[in-house]
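As a plain string of letters, each chain reads:
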Amino acid sequence: MDLSIQDLKAQTNFYNFFSTFFREKPSDEWLKFALELVTSWDETSSPLNQQLLENVQKSGLDNYLNSLTQEYERLFFAPGHVPVNLYESVYCGSGLLMQETTINVRQHYLRAGLVVKSLYSIPDDHVSTELEFMQFLSQRILELVQQDGVEEDIKEIMVWRSEFISEHLQQWIPTLAETMRANSTEPFFLLISIGLESLVEE
Amino acid sequence: MMNRRSFLKWTGAGAAAATLGTAGLFQLRPVNADELESLKNQGIDIKYTADVMCPSECGLEMWVKDGRLTKIYGNKAVPFNDGTCCAKGASGIQLVYSPDRIKYPMIREGERGEGKFRKATWDEAIDYIGKKLTKIKKEHGAESVIMDAGDVTDRDQYWRLFFAFGTPNVFEHGSICDTPRRHGPKLMLGGKRIEPDLMRPVLVRQPDGSLKKDMTYKNKLIIYVGWNPFVATRINYESRGTLAAKVDNGCKIVVVDPSLTNTASQADLWLPIRPGTDGELFAGMLRYILENDNPNSLDRRYIDWGFKKYSEGWDEYLDAFKSWWTKTDPMTNLPYFSVEWTAVRTGISKEQIIELSHMFGSTKPAALVCGMQSPGHHYNGYVASILMTTLNVITGNFDVPGGAIDTEITKSDKGGSATGKDFKKKKVKRTVNGTEVEGEIEKLHMDSYGDWPVAWDDVIGDFPKLFKEGVSLKYGNFKGYKYPIKAYIQRTGNAVLTGSAPYRWIEAITAKDSSGEYKLPLMVTVDTLYLESAVYSDVILPEASYAERMSLSDIYPSHPVLYLRDQVIKPLHESKTPTDIMNLLAKKLYDLGDKDIQPNDFWGKYKSQEDFVNEMLKPAPGRYNVGQPLPYPKLPEGYKLIGTPDSLESGQVTIDNEKKEAKGVPVTVEWLRKNKGVAVWPMSWYRYRKSDATNGEYVANKVFPNTKSKLVEFKFSMYADLDKKIQEGLGVSSGMKELGWEHLPSTFYWFETNWNPNTNPKYKKYANEYPFQLIVGRVHQAMSGTQMIPWLAQTPCEGIYMPLNNAFEHEILDANPAKKEGFELKVKKFKANTWCVGTLLMHSQDAAKLGLKTGDMIEIENPLKRSVKSKVFVSEGIRPGVVKMGFGTGGRFSPGLGGTYKQKDYTPSHNMLVDPDSLSPLMGMPTYADMIVKIKKL
Ligand code: SF4
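Reading guide: rules and limits
- Residues numbered from 1 in each chain as written.
- Chains lettered and ligands numbered in written order.
- Predicted model: local features only at pLDDT ≥ 70, side-chain atom pairs only at ≥ 80, totals over all residues.
- Heavy atoms only, no water.
- Salt bridge = Lys/Arg side-chain N within 4 Å of Asp/Glu carboxyl O.
- Helix = DSSP H or I, 4+ residues; strand = E, 2+ residues; numbered from the N terminus.
- Buried < 20%, exposed > 50% of the residue type's maximum accessible area, 1.4 Å probe, protein only.
- Contact = heavy atoms within 4.5 Å.
- Buried area = accessible area lost by both parts, 1.4 Å probe.
- Polar contact = N/O pair within 3.5 Å; in protein donor to acceptor, adjacent residues only side chain to side chain.
- Nonpolar A, V, L, I, M, F, W, Y, C, P; charged D, E, K, R; others polar.
- Pairing = 2+ DSSP bridges.
- Phe/Tyr/Trp six-rings, centres within 6.5 Å; stacked < 30°, edge-to-face > 60°.
- Lys NZ or Arg CZ within 6 Å of the ring centre and 35° of its normal.

Trainee: Can you explain the pattern of salt bridges? Please cite residues and give values.
Mentor: All names here are of chain B. Evaluation of the coordinates by the stated rule reveals 78 salt bridges over all chains. For Asp451, the salt bridge is made with Lys474, and the minimal N-O distance between the two is 2.5 Å. One end of the pair, Asp451, is in helix H15 (residues 447–451); the other, Lys474, is in the loop between strand S20 (471–472) and strand S21 (482–483), and 23 residues separate them in sequence. A residue is classified by how much of its surface remains accessible, and Asp451, at 16% relative accessible area, is buried. Looking at Lys474, the relative accessible area reads 23%, which means it is partly exposed. The salt bridge partner of Glu615 is Lys618, with a shortest N-O separation of 3.8 Å. Taking the relative accessible area as the measure of exposure, Glu615 reaches 7% and is therefore buried. Linked through salt bridges whose partners overlap, the residues forming this network are Glu57, Asp154, Arg491, Glu543, Arg549 and Arg565.

Here is the structure:
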């Protein structure tokens, strides 16, 4: 794959963005910027953008941001059963956490010299961790392409990256995005889901 | 719609994204070479631990690979379950790794009950709780806080903390389990649970001095009354032991139960008794046995009069019992306890009563065992449990091989000073009617010194009333003192749904004052699963699951056996162990200035779970060197044993002649780990007697049983002591008033149960309009929250949990060979009648009369005008005129329950029909099985 530095930077940034988004409830400040970003992904006149604009106007920005954080809690952190689960194993493993899928994800991390900080407590296949891993790999490639004589290293990391995408991200991120769309009518989350999905498309 | 493929090319957007990403690694870190090696090549690690999927707490062997629990087996070294592990136990992995667990601390956002929470940090959550507790303590006293540890299991850390905090109001689930059933054994033996001698193998001292695992069953007759060990598991060995005794030793099994339970289906004889008349049956049996006993007839030597040597008060008991024989029962016009009376009351034929009494009197060894569903759930359960104890004792079956064992007084001691009970002795001052009074913290107890002076197992069923009205102390130093209840901290229980009528609980928990504040300002849930009570909480703390924490088994074996609940894997998500939660909250309270909390009682003393468990182990086994064969012939008879089995065996002991103790090397976590997690001390029988060499006979050893006199007490010294307290207080309790009692009786007594139109004249008027007696039974796989595991929710049980669902959609795993692991999560449509739901069991004759067939929707209404909906399951497996539901099977309104939650609108919550004002008069236990209903087709 021939990647421009610009593309690589963009990828790194996007992985970073989504990883941050799913890691913890975003602050109002963050959401404000994110609103601008996600609306830029679509035509200004698109129905989703229109709807989002309407929602902001209806409730005022502060209230709207507040409703977004509440929706965030409801979708991803509700006690008991969350409408949108953020672990890969739930989508394509045995439906339980910490199963073969998780262990397999762990192997990918280990191959790249990484391990989850809360090993054995927080399952390795949380969307935010998987995207952080992608960010790390993209970042490494970005660093290496600016050096000479490291083609082999680049190739190796490219392999890790594409294998992780095909074996993991592509296996479940589309379903995760679909689940988000099925469980929320909020245009912000719909735009996020579309962006996320496109990130792992071939 | 934007062109997704071009998305990454939008480098402008990528640059904007840069400002929103946080650079660096957050969830990942570099791994070093050694670590990498060890992570890549992990073998299987075997851990010995104890289950918590049901209260049986079987000894388990768990396999761990890559830090992950992969297999669950029974632990063969534990005689309690002897290597067995049931399907529910094996499904523990599905609970531990369920994505629906409580993962992080949560703080309520909406109103109580709305289920709106936000994720919080531990710091935030502990700070929230700590500040509220501190304020409540300052304003109302620590006693305004209730700590309800729910599950008996692994509760001691919480108890310790709250005792130290200064509240005596510390509870557990036992008080809504079966307290009236425990009454007889407690009064007469100082015990609690009479079980058949069925635990095998038992480690027994041989004549040559060696110890041998004995597998022989000696039982000849077991009568299970309202006890269904095959389903309502608590004592694991009873299900396999019952069958083994039957096959190996020709033991006869009789089950007395209104419904044909799984246990009844294994019995030689099933007697479908009318609900709430177990006391009648036992009284009839006792009278028959007394009247027909003949020491000179081989066939009728019912009574083993030797019991008199080991007991006291029999003559007084007998007089009290016989005094009823000449009275005529207004309901039947027959003399009390006569065979005819018993037949009319119980609905069992006269011939069968005679046969059963004769069989029990003449077959030895035998055991008469009451379950949680019989005396436990009736207003007058006390009389039945006292009679049950009496029958076992006078027929010579108490603590004999193959007989009846009170396992409360044979199991190993544990807990010791770790439980924090000593904190209750601390003195505090309160102002009562303008005068300052001093007394121990325990004297502020809301029940024992309030409305329930006899309730030694506490009273959870009365909480809603106390939440609303507060506590008025009537007895002890603080009599006349009043205080409100301001905080309810619940851990792993689910009292909102199970502690009597849920609508009462909800009303009390959501009540607000004029300023719009909740009258109960703090409600906290500590749990692994999200059950109904948590929906009403202000703060939810995630507790490490049973595989992630360390403690000790809490079981009922026939001799001291104790095993470790070892921590098998690390606490998942952000959950914490009870020890950590205790220390965190203790530290917070200390930092907020609470002088009652001292570092050296908490985080300074218990740096790890192991420290805590080691302290809990110090008193083990704490039982006596008594009985035949003597457990340790080389140690003095009658002395208390403390220490590991091997140290006692090798005589590595210090003998304290003053305290009468033989102390070996204390049991520790380390010792247990080296011994497959379990300590087993030898079994003996006849633990109440010793041989008197001078006279060549056995005499009472006066160390066992556990009563004040150390004899079997037919004259209740416990009541005498309590009565003294009552008489010195502000009058008799409301329960005693209901019974018309001025004093607690000194020996045998009798009174009728509630809501029974057949036995209690007060309810006769309802008989026609409400023709059904409603009873309730456990469903093993659906107890508490475990039906959140889909395949346990798909396993039917005894007509009360049946595949009678409406069609519904639910997210489950479905096979899909195209996916990596062959499964995918998807919303699946479940056809009608493919998923188990709570149902109502009814006899076919009754169903025919009402024009009902299996699957029909019905409405069930009680005389209090409360009603629930259900589908009916029609079978012959229940007594006509009786209907049955499961505990906690229907009306489950927490989304943490998975597919069960989806059925909430047409499945019955039995507790909606319980009379919340009918608490059994001495122990305050909700009378779950005293109710009558009418039924109509919808
Ligand atoms: S009987 Fe109970 S404790 Fe024993 S394995 Fe089954 S679920 Fe676990």
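Trainee: Mind laying out the interface of chain A and chain B, listing which residues take part and the relevant values?
Mentor: Across the contact, 72 residues belong to chain A and 66 residues belong to chain B. Of the roughly 6,500 Å² buried at the junction of chain A and chain B (both faces included), carbon and sulfur atoms supply 58%. Here chain A is connected to chain B by one salt bridge. Taking the shortest distance from any N to any O, the salt bridge between Glu100(A) and Arg68(B) comes out at 3.0 Å. For the pair chain A and chain B, the number of links is 20 residue pairs in polar contact (both at pLDDT 80 or more). At twelve residues, the largest contribution of residues to the side of chain A that touches chain B is made by helix H1 (residues 5–23) of chain A. Here the side of chain A that touches chain B is built from residues that sort into 33 nonpolar, 25 polar and 14 charged. Where strand S1 (residues 114–116) of chain A meets strand S1 (residues 28–30) of chain B, three bridges bridge the pair, whose relative direction is antiparallel. Residue pairing across strands places Val116(A) opposite Leu28(B), the latter belonging to S1(B).

Trainee: Explain the packing of aromatic side chains to me, using residue names and the numbers behind them.
Mentor: Inspection of the entire model under this criterion finds 75 aromatic pairs over all chains. Taking 5.4 Å as the distance between ring centres and 35 degrees as the angle between the ring planes, the aromatic pair formed by Tyr91(A) and Trp172(A) counts as tilted. Of the two residues, Tyr91(A) sits in helix H5 (residues 88–92) while Trp172(A) sits in helix H8 (residues 151–183), which places them 81 residues apart along the sequence. Under the relative-accessibility criterion, Tyr91(A) is labelled buried at 6%. When the ring of Tyr317(B) is compared with that of Phe748(B), the centres are 5.6 Å apart and the planes differ by 65 degrees; the resulting orientation is edge-to-face. Of this pair, Tyr317(B) sits in helix H11 (residues 314–322) while Phe748(B) sits in the loop between helix H25 (734–739) and strand S35 (772–777), and the two are 431 residues apart along the sequence. Exposure remark for Tyr317(B): the relative accessible area of 0% places this residue in the buried category. The ring of Phe77(A) has Lys119(B) lying over it, and the distance from NZ or CZ to the ring centre is 5.0 Å.

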